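One letter stands for each residue in the lines below.
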Amino acid sequence: MRTFDMIKAMRNGLLVLLAALPLLANAAPSARDVVQQTTDKLLSDLKANKQQYRSNPGAFYDALNNILGPVVDADGISRSIMTVKYSRKATPEQMTRFQENFKRSLMQFYGNALLEYDNQDIRVLPAKQEDPERTSVGMEVKDSKGTVYPVSYTMVNLDGQWMLRNVIINGINIGKLFRDQFADTMQKNGNDLDKTIDGWAEVVAKAKQTEEGQKAAGHE
């Protein structure tokens, strides 16, 4: 190839690269990126404000909601917990109210545990690409004794953005745990949806006790 042609080819290649850079810069974060970035932001905020949050849990839950809220598929999770059996009968107002109660209870569910975080080693693993619309991202949390706790985040692609749909912590499927609790509570409440929605915080507290009991049994 002549020198002139080589220069021309290099110039054309450079122009193609420069044209592609804006597309690369604006590319939506991958599922793993979303988990990693959210985790980094959460731990950074926790490190800076832990003492304040210990004395003001409300501020902590607000911060959690600000950080986690944008990446949580609240509508999808809520419908999954309620199942089609109940969600198809719910009014838009009831669904909105349950989503808000669910998000608040989710922050409280993990809030106290996060406040106990003390620089444990956390590693976000590569995503398992099941299909373009759904994948799982693993995480390993190592405590001060070297015990590793696996976490798996189910992520769904909604309009080009990866959102959290479910969490499995050390083998405990949180979505299934909440779903079972919801069905059981509906039965106890005589299928009164409003009563179940309004009492969801108490349901989550019981679910948390169940989770802690399962963890304790697993360590015996």
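To be clear, the structure that these remarks concern was listed above.
Rules behind the numbers
- Residues numbered from 1 in each chain as written.
- Predicted model: local features only at pLDDT ≥ 70, side-chain atom pairs only at ≥ 80, totals over all residues.
- Heavy atoms only, no water.
- Helix = DSSP H or I, 4+ residues; strand = E, 2+ residues; numbered from the N terminus.
- Expected span 1.5 Å × (residues − 1).
- Buried < 20%, exposed > 50% of the residue type's maximum accessible area, 1.4 Å probe, protein only.
- Polar contact = N/O pair within 3.5 Å; in protein donor to acceptor, adjacent residues only side chain to side chain.
- Contact = heavy atoms within 4.5 Å.
- Core = buried A, V, L, I, M, F, W, Y, C linked by side-chain atoms within 4.5 Å.
- Bend = angle between axes of the 7 residues up to and from the residue.

Novice: Residues and numbers for helix 3 (residues 57–68), please.
Specialist: For helix 3, spanning 12 residues, the distance from its first C-alpha to its last is 16 Å, which sits close to the expected 16 Å at 1.5 Å a residue. Those residues of helix 3 not exposed but buried are A59, F60, Y61, A63, L64 and I67.

Novice: Account for the side chain of T196, with residues named and values stated.
Specialist: Among the structural elements, T196 can be located in helix 7 (residues 193–198). Only 3.1 Å separates the side chain of T196 from the backbone oxygen of D192, close enough to count as a polar contact. Not counting residues up to four positions away in its chain, the partners in contact with T196 are F182, T185, M186 and N189.

Novice: Mind laying out the side chain of S78, listing which residues take part and the relevant values?
Specialist: Within the secondary structure layout, S78 lies in helix 4 (residues 74–87). Residues in contact with S78, not counting those within four places in the same chain, are M95, F98, Q99 and F102.

Novice: How would you explain the nonpolar core if you had to name every residue and give the values?
Specialist: Counting 35 residues, the largest nonpolar core has M155, F182 and W200 as the members making the most contacts within it. Sorting elements by how many residues they give to this core places helix 6 (residues 174–188) first, with five residues. With sequence-adjacent residues up to four places away left out, M155 is seen in contact with A31, V34, V35, E133, R134, T135, V137, W162, M163 and L164. Counting residues in hydrophobic clusters, the runner-up holds 14 residues, among them L46, Y53, I67 and L115.

Novice: Please give an account of unusual backbone geometry that cites residues and values.
Specialist: The bulk of non-glycine residues show a negative phi, and the bulk of peptide bonds are trans. Positioned with a positive phi, T83 is a non-glycine residue whose angle comes to about 65 degrees. In this fold, T83 is placed in helix 4. Of note in the backbone geometry, N170 takes a positive phi value of approximately 50 degrees without being a glycine. With respect to the secondary-structure elements, N170 resides in the loop between strand 4 (161–169) and strand 5 (172–173).

Novice: Can you explain the environment of I197? Please cite residues and give values.
Specialist: The residue I197 is located in helix 7 in this model. Judged by its relative accessible area of 0%, I197 falls in the buried class. Separated by 102 residues in sequence, I197 and M95 have C-alpha atoms that sit 9.0 Å apart. Beyond its immediate sequence surroundings of up to four residues, I197 is in contact with Q94, R97, F98 and N101.

Novice: Report on helix 2 (residues 31–55), specifying residues and quantitative values.
Specialist: Helix length check: helix 2 (25 residues) gives 34 Å between terminal C-alpha atoms against 36 Å at 1.5 Å per residue, within 8%. Taking the largest bend as the criterion, helix 2 deviates by roughly 75 degrees, centred on N49. Burial in helix 2 covers these residues: A31, V34, V35, T38, T39, L42, L43, L46, K50 and Y53.

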